[in-house]
Every structure is written in structure tokens, then in C-alpha cells.
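Single-letter residue listing:
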Amino acid sequence: MALLVLNEDQVQLKDSARDFIQNKAPIAAFRKLRDSNDKDGFDRNLWKEMADLGWAGIIIPEEFGGFGFGYTGLGVVLEETGRTLAASPLISTALIGATAVLLGGSAAQKKEILPAIAAGGWLMALAHEEGPHHAPYAIATKAKADGGGFILSGKKTFVLDGHVADQLIVVARTSGKSGAREGLTLFLVDSKTPGVKITRTLMADSRNAANVKFTNVKLASNTMLGAIDQGADILDPVLDRARIGLAAEMLGSVREEFERTVEYLKTRQQFGVLIGTFQALKHRAAEMFCEIELSISVLLDGLIAIDENRKDVPQMASLVKARLNDTYFLVSNEALQMHGGIGMTDEFDMGLFMKRARVAIASFGDSSFHRERYATLEGY
Amino acid sequence: MSDLEKFRAETRAWLEENCPPSMRTPMPEEETCWGGRNPVYKNPDSKVWMDRMGARGWTVPAWPKEYGGGGLDKAHNQVLQQELGRLRARPPLSSFGIWMLGPALLEFASEEQKRHYLPQIARGEIRWCQGYSEPGAGSDLAGLQTKAEDMGDHYLVNGSKIWTSYGNYADWIFCLVRTDPKAPKHQGISFLLFDMASPGVSTKPIKLISGASVFAQTFFDNVKVPKDQLVGTLNAGWTIAKALLQHERNMIGGMGGANMPGSSGLRSPSVAAKRYAGEIKGKIANPAMRLEVAKHNMNSRAFGLTGQRMADEMKAGAPPGPASSMFKYYGTEQNKRKYELLLQAMGTSALGWEGKPFEEHELSITREWLRSKGNSIEGGTSEVQLNIIAKNVLRLPD
Ligand SMILES: Cc1cc2nc3c(=O)[nH]c(=O)nc-3n(C[C@H](O)[C@H](O)[C@H](O)COP(=O)(O)OP(=O)(O)OC[C@H]3O[C@@H](n4cnc5c(N)ncnc54)[C@H](O)[C@@H]3O)c2cc1C
């Protein structure tokens, strides 16, 4: 059993990630993307630099041109990006895209795609959700067998980084009814294929999402990722890794917000004293501290569970995501309240965290989704 | 065979031979083995088990051998714990001496005191109680008034303590006393050890809301205490008092974890909910209750992992953090929530007081629920723990 602490390499990675992010992608950079209505919604030069550092291929084994640092390595980097709300394709591509190909790809697909991801060349997006709530198997998008290939039709929503992706990983139904776990198949679809229409959607958190419509899109049989009708066997572990990875980003945001808030309690004066002397605020701050400590523990164990291929990754994913959802919810609300009026201003950063919190919470399952799932997995 | 594997094999063989079969079954509260001069053994095997383990120093495996311990390093101790876990062996000895006083003596006592007191604790010969709180000094512990005057060849102790757990069963007391009434309150306190059989000591049991009377008010009327029973320096007892409280808080906080023996079987909220509130196709029938149980269990697991992380950080060389307050706060609140959830799941079956038609474990849960309310009071209240976190961890201003 691994120790529940970062090893030396991981600590070093974390430190250098922090330096890099604080310098190259501070919150001001994210603001600029937002305020200039940047058409990509992220900085391609920054992504190139991240790829040069090895981050695009951080979970990809060295034999495929990756960095081989595992999910714990990716986790510590994501946590640092959460501190500045840095927008990048780390989640859509380095985490989800790479995972899907690693878990589901044929030898040929791995050889073609993984090095392209690791080099920072290809951007990927998972085209999965079809409604306003995370619902892994509620898939109506159809892929009909046609000659040797398939014809794809349907609509996807909230596709992270969908408008910049070179390749979409599409979850489609090849048999059965919407809601069934059986009958799903994953396809790799070039975003420029005729019949694919991608529309960027502007979300409250100013990060990247898109709606994607497929109208009779012709797919060759070699676009299939994994086996026909068995897509859920890939999708489930991909989603679990996405949940834990996103939670790492969320933890970074939580810690940043909390530290800034504690600092504010030590500087803002009212009634002739620092507001941090008020016990009503002290106790709430101390409670947040406890929730954050528990969050740090579950996240680290979740990342280690993936790297050690433990059987309880699904439980851990639900535990981690639900806890980070709840903690981010708490801290984003408390941070804003404890800043008073200034917290409500757009110029101040608390609002940015607030908005990001709610979008992150809704991504890959809110807390009620994960509590329900945890109960099922644990046999009650 | 590596040294550790050899140790494992020997340990396993020894435990197989020496752990009585009845000590491998779940332990009812009343069979807890507290040791002491006048012990009551409901099950005679308890004494056999305690004596055998005590003779090897395995009641306190990590303490040095010269003080009655097992002298095991972390790796060997872990093996021992795993092997004990494999047999589901009961703890051979429960004691305030092991949990609280011993660690403080190891840190602060003189060599002579260590050699005298620690082996008695390890072998379960002396049962200790904690004389901290007073009627006028609870959360504001440093405001204590019980005084010890220097009479040349001894100290003379006068005053009274309250909420002294097991005060009426204990043999000795570790006691905070005021030795300099003129100094600022934290600087006039000393840490004394004395025999509860000394002339002038008396106790009056106090009944708890759970019906048991496990604590007492303790009175000291001109109690003579030999001078070599002072631990550490005169008037510097507050440092020892605080260090001991950290051990106490870790111990009390540990109750909130997912892996505590009390959380399994019928004390597991999911098991209780299915049994008492019904199940449909293997799921707790009431969906709202089901989600509450899940939320609770997820928090327990998160708390258990946090305990593991803190221990691992220390193994990796980090200094012990100011974590004991967080541990105490969250663990005790979580334990209280567990009992509230059990009550909710079991309905009136967990609200019986005594007699039929209630099952023994049901009656016991009623009492445990009431007792759990004290967890967030004893050892420093939840509010006090939050104060400590705010001050010592977050460094918020006073
Ligand atoms: C089951 C049990 C076993 C015990 N065993 C022992 C024992 O063996 N030995 C021993 O010495 N003591 C023991 N105690 C005593 C225990 O340590 C005290 O009860 C505890 O420290 C609280 O003190 P108090 O009861 O005087 O409450 P008070 O200090 O009067 O507290 C009353 C309320 O005020 C709140 N409060 C007080 N100060 C503050 C503050 N600064 N900020 C915010 N809120 C505050 C408290 O949190 C509490 O809610 C035991 C208690 C219990 C319940």
C-alpha cells in the first residue's frame, strides 16, 4: 500500500508547476481571455509551452512519447492550474482524451494518437452529455451500421473544449434504448468531417464548451474506439478518471480562495478591530479548514487508486467528486460572504471562482449523483 | 527470510498459542479490560490476555523495553497490529495510562519516574484518572484553583476536581494544581501524580444521561504528596498538560473513522437502515435515508483517510502538525452524527431504555447515543477546538 503522501518527484513537479502557472497563467491572463472574447478561449502558446514541459502527455507512457508521470502527476499540475483558473486543454485532452485512447484504443490507434496528444498537436473533446444533468447512459445519439462503417446522427451538449477540438470522442448508441448501459459505442470523429456542426456555448465560468450536432455523419469502421456495444466498459473508467482529475483542479481553486479569505480576515478592519477577531468568522474559517483537509486526503487517495489500478476506483471517484463539489460550494459561498461588498464586484476574483465552482460541480456528476452512485457501489 | 517476515511468523505463532479464543470475539463494553489494583474481570480470559501481552510489552508495543514496552519500531509494530487484526483480537488493556499519561511521561518525566511509573502502566497494574477540570475551570482550564503548597518535604493539596472519568475506580491521579497563585494563570500550574488512596482524597460518583456513572467529583482535603511525584519543573506544568491533551484528542477523535470496530455490523448505518427501515432489491428502501447514509459513510471514509495521511506524513518525516484539534473536532462530531443516523434508521427500536422486547444491542445503542454527546465536550469542546484551529493553524488574530 502506497503512503498517502506525495513522493519527491511529485513534490518537485508541483513546485515547478506552481512557478510556471503563477508566472505564465495568472488569473489576469484568464481575465484577458474572457474580456477579449478570445475565439479559442485559451492561449495556444501557453498550451505549446505546457506540452514542452511534458504536461500534454503527462499520463502517457514514455513508449508513446509521453512523460509517464501517472495520474498523481497530472493531479498535482491540475491543482496548480485551479489556483489561477488557468484555461487549457489539460482536462479535455491530456486527461480525458489520452485516457480514452489508453484504455480503449487499438495498438494502431495508440501509436497514431498518443504521440500526437503528447506533442501538444491534437486537441480532443469528449462528446458525451445530451441533457442538462450528468447521465452517463442517457444516450440517444445513434450510430447505424452502414456497409462496413456507420452513420452517426444526434446532438451533444456541454462538450468541453468542443469548439477547438481536432478529434471528438463520441459516445453513441449502436443498440438498446437511451438509459441502458449496454449498447453504447465510442467513436473517434474528426471534427471537420462533413455533417459535424459545432457551436460554441458561452458558459458562466467563461471556460470552453460547445454543442455538437451530427447529421448523417459517415464513419469508417476503424473510427471505433473499443468494441461495439461495449463502450460503457471504456466510458465508465474514463469518467472516473475525469471526475478525480477535475476534482484536483477544484482543490486548487478551493485552497486559493480559502487562503485569500483567511488573509482578508487578517487585514480588513471594522469596529476598530480586524474582522478575523470575530469568533463567528473564526469558527466558520476553522470548519472550512477541516473540510479542506479531508478533501486533500480523498483526492490524493483517489489519484493513487488510479495509478495503482485499485478495484475501488469507482467508489473513490464518487467519494472524491462529491467531496470536492461540497467543499468548493461551501468555500466559494463563504469566501464571497466574508469579503463583503467587494466580493460582489467583477473586478475582484471571488466571483470568478464562484462561477467556475458551479460549472465544475455540474461536470461529471453533482453530489447527489455521486452519493446515489456510491450507495449502489457499496451495496446499499 | 527477511527480519520482518521472521518476526511475522513468530508473532503469528505466539498469538495463535496465547490469545484465548474468547478474546477473539467482539468485545462488549462491560468486558473492557482496564487493569488496576482492584480489577473486575467479567471474563477471566481478559486477565490472562492482558498478563501475557503485558509480559511481552505488547500492551504498549512502541514504548522502549526498559519502560515495560515492546521496543518495536514502526514496521514491526505494524506487523504486530496486522497480526492482531487477523485474529480480531481484543485490545488487551485499555487505559488512560497508555493513551494519555504514558506519552506525556515519556516526554517530560525524569528517568527515575519513567522507570517507576511506565512499567506499571504497561502491565496494567495501576489504573489512572485525569484530574484536570474543576467546577470553575472547564474550557478555561488554566483558571484552575486546586492548590498544592510546598510544605518542605511534601506538597499539600486542597481543592476539588469534577467530571473525573472513572475517578471512583482509579488507583492514581495525574492532576493539575496551582503552585504559584501570584503568577499569570498559565505560569503557576504544576503536574502532580498521586495515589487516590492517600488520606484526604474522596470521590462522589455522578450519574450521566446515559444512566451510567463513569465520572465523579473528586475532593482533596489536605492530601500529602511526596515531592518526587511532581513531573517536570515546578510551575511549568501547563506545557505537559497541553501535550497530554493532544494525545487525548487524537484518541477521542479516532472514533469518527470508517474502520473503527464500532462502525461495523449492526452499528453500521447502512446495515441498520436496511434491517429496520426496509430494503428493496438490496437498496435501503427510503431514498432520502439512503442518501444520508451514503453521505455519512463517505465523510467517515474521508476522515479515516485523513488520519492515515497524517500518520504517513509523520512517517515521511514531517513534524506532527497541529492536527489533533481538527481530528478531535471532526471525529467527535462525526461520531455523534453516526448515532443520530442510527436512531433515525432504527426508529423506536433504538429508543428503548431497558428490558424486553428490546435486543441487547438496541438498548446499548440508546445508551451509546447519549454517551456520544459527551465526545464533543470531553477533552475540550468542539468550540474550543475550532478556537485552537483558528489561532494556531490559521493564525487569526485574538
Ligand atoms: C463524558 C465526559 C468525561 C470527562 N472526563 C474528564 C476527565 O476524566 N477528567 C477531566 O479533568 N475532565 C473531564 N471532563 C470534563 C471536560 O473536559 C469539560 O467538561 C470540558 O472541558 C468543558 O468544560 P465545562 O464542562 O466547564 O464547560 P464550559 O467551559 O462551561 O462550556 C460551556 C459551553 O461554552 C462554550 N465555550 C466555553 N468557552 C468558549 C470559548 N472561548 N469560545 C466559544 N465557546 C466557548 C463551550 O464550548 C460549551 O459549549 C469530561 C467531560 C465529559 C462530558
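Whatever comes next refers back to the structure up there.
Quick summary incoming for the structure in this document. Worth saying up front: this structure is predicted, and the values here are computed from it rather than measured.

1. Remarks on the environment of S332 of chain A
Residues and elements named next belong to chain A.
Turning to step 1, where the next piece is worked out: Along the polypeptide, S332 turns up in helix α9 (residues 313-339).
Turning to step 2, where the next piece is worked out: Residue S332 is classed as buried on the basis of its relative accessible area of 0%.
Turning to step 3, where the next piece is worked out: In this structure the C-alpha to C-alpha distance between S332 and G351, which are 19 residues apart in sequence, comes to 8.4 Å.
Turning to step 4, where the next piece is worked out: Sequence-distant contacts of S332, defined by excluding residues within four places in its chain, comprise E257, M354, A357 and R358.

2. Things to note about the pattern of salt bridges
Turning to step 1, where the next piece is worked out: Per the counting criterion, the structure on display carries 54 salt bridges over all chains.
Turning to step 2, where the next piece is worked out: Of the charged contacts in the structure, one is a salt bridge between R309 of chain B and E293 of chain A, with a shortest N-O distance of 2.8 Å. Highlighted residues: R309 of chain B in helix α8 (residues 287-315) and E293 of chain A in helix α8 (residues 279-307), drawn from two different chains.
Turning to step 3, where the next piece is worked out: On the basis of relative accessibility, which here comes to 4%, the residue R309 of chain B falls in the buried class.
Turning to step 4, where the next piece is worked out: Residue E293 of chain A is classed as buried on the basis of its relative accessible area, which comes to 14%.

3. Here we look at the nonpolar core
Turning to step 1, where the next piece is worked out: Grouped together as the largest cluster of nonpolar side chains are 136 residues, with contacts concentrated most on W55, L90 and F258 of chain A.
Turning to step 2, where the next piece is worked out: A total of 17 residues in this core trace back to one element, the largest contributor, which is helix α7 (residues 232-265) of chain A.
Turning to step 3, where the next piece is worked out: With 38 residues, the next largest nonpolar core counts L176, F191, L193 and V231 of chain B among its residues.

4. Considerations on the pairing of strand β4 (residues 172-178) of chain B
Residues and elements named next belong to chain B.
Turning to step 1, where the next piece is worked out: Burial within β4 is extensive, with seven of its seven residues counted as buried.
Turning to step 2, where the next piece is worked out: Sheet analysis places strand β1 (residues 128-131) next to β4, joined by four bridges and oriented parallel. By the bridge assignment for β4, C129 is matched with I173.
Turning to step 3, where the next piece is worked out: Taken together, the seven bridges between β4 and strand β5 (residues 189-195) define a ladder with antiparallel strand orientation. In the strand pairing of β5, I173 is matched with F194.

5. As for the side chain of D195 of chain B
All names here are of chain B.
Turning to step 1, where the next piece is worked out: By the secondary structure assignment, D195 is in strand β5.
Turning to step 2, where the next piece is worked out: Since its relative accessible area comes to 19%, D195 is described here as buried.
Turning to step 3, where the next piece is worked out: Ignoring sequence-local partners within four residues, the contact set of D195 consists of R37, D171, W172 and V201.

6. Points about helix α4 (residues 96-108) of chain B
All names here are of chain B.
Turning to step 1, where the next piece is worked out: Compared with the 18 Å implied by 1.5 Å per residue over 13 residues, the 17 Å span of α4 between its first and last C-alpha is a close match.
Turning to step 2, where the next piece is worked out: By the largest-angle criterion, G102 marks the main kink of α4, which is about 40°, and a proline, P103, follows within four residues.
Turning to step 3, where the next piece is worked out: Buried within α4 are the following residues: F96, G97, I98, M100, L101, G102, P103, A104 and L105.
Turning to step 4, where the next piece is worked out: Of the residues flanking the start of α4, the one acting as N-cap is S95, its side-chain oxygen 3.0 Å from the backbone nitrogen of G97.

7. A short note on the site of the ligand
Turning to step 1, where the next piece is worked out: As a matter of local geometry, the ligand sits amid 17 residues, with S133, S139, W163, S165 and T381 of chain B nearest to it.
Turning to step 2, where the next piece is worked out: The site occupied by the ligand is bordered by residues of chains A and B.
Turning to step 3, where the next piece is worked out: Contact between the ligand and S139 of chain B: an oxygen atom at 2.6 Å from a side-chain N or O atom of the residue.
Turning to step 4, where the next piece is worked out: Protein contacts shield 68% of the accessible area of the ligand, which totals 980 Å² for the unbound molecule.
Turning to step 5, where the next piece is worked out: For the shell around the ligand, the elements supplying multiple residues, two or more each, are β3 (154-165) and α11 (382-393) of chain B.
Turning to step 6, where the next piece is worked out: Its residues placed into classes, the shell around the ligand shows four nonpolar, 10 polar and three charged.
Turning to step 7, where the next piece is worked out: Both domains that furnish three or more residues to the shell around the ligand are identified here as domain 2 (128-235) and domain 3 (241-393) of chain B.

8. Quick look at the side chain of T59 of chain B
All names here are of chain B.
Turning to step 1, where the next piece is worked out: Relative to the elements of secondary structure, T59 occurs in the loop between α2 (44-56) and α3 (74-86).
Turning to step 2, where the next piece is worked out: A distance of 2.6 Å separates the side chain of T59 from the backbone oxygen of A122, its partner in a polar contact.
Turning to step 3, where the next piece is worked out: Excluding anything up to four places from it in sequence, T59 contacts M50, M53, G54, P92, L93, I98 and A122.

Conventions and cut-offs
- Residues numbered from 1 in each chain as written.
- Chains lettered and ligands numbered in written order.
- Predicted model: local features only at pLDDT ≥ 70, side-chain atom pairs only at ≥ 80, totals over all residues.
- Heavy atoms only, no water.
- Helix = DSSP H or I, 4+ residues; strand = E, 2+ residues; numbered from the N terminus.
- Buried < 20%, exposed > 50% of the residue type's maximum accessible area, 1.4 Å probe, protein only.
- Contact = heavy atoms within 4.5 Å.
- Salt bridge = Lys/Arg side-chain N within 4 Å of Asp/Glu carboxyl O.
- Core = buried A, V, L, I, M, F, W, Y, C linked by side-chain atoms within 4.5 Å.
- Pairing = 2+ DSSP bridges.
- Expected span 1.5 Å × (residues − 1).
- Bend = angle between axes of the 7 residues up to and from the residue.
- Polar contact = N/O pair within 3.5 Å; in protein donor to acceptor, adjacent residues only side chain to side chain.
- Near = heavy atom within 4 Å.
- Areas by Shrake-Rupley, 256 points an atom, 1.4 Å probe, with all protein chains shown as cover.
- Nonpolar A, V, L, I, M, F, W, Y, C, P; charged D, E, K, R; others polar.
- Domains from an automatic or database assignment.

Coordinates in, geometry out; function isn't part of it.
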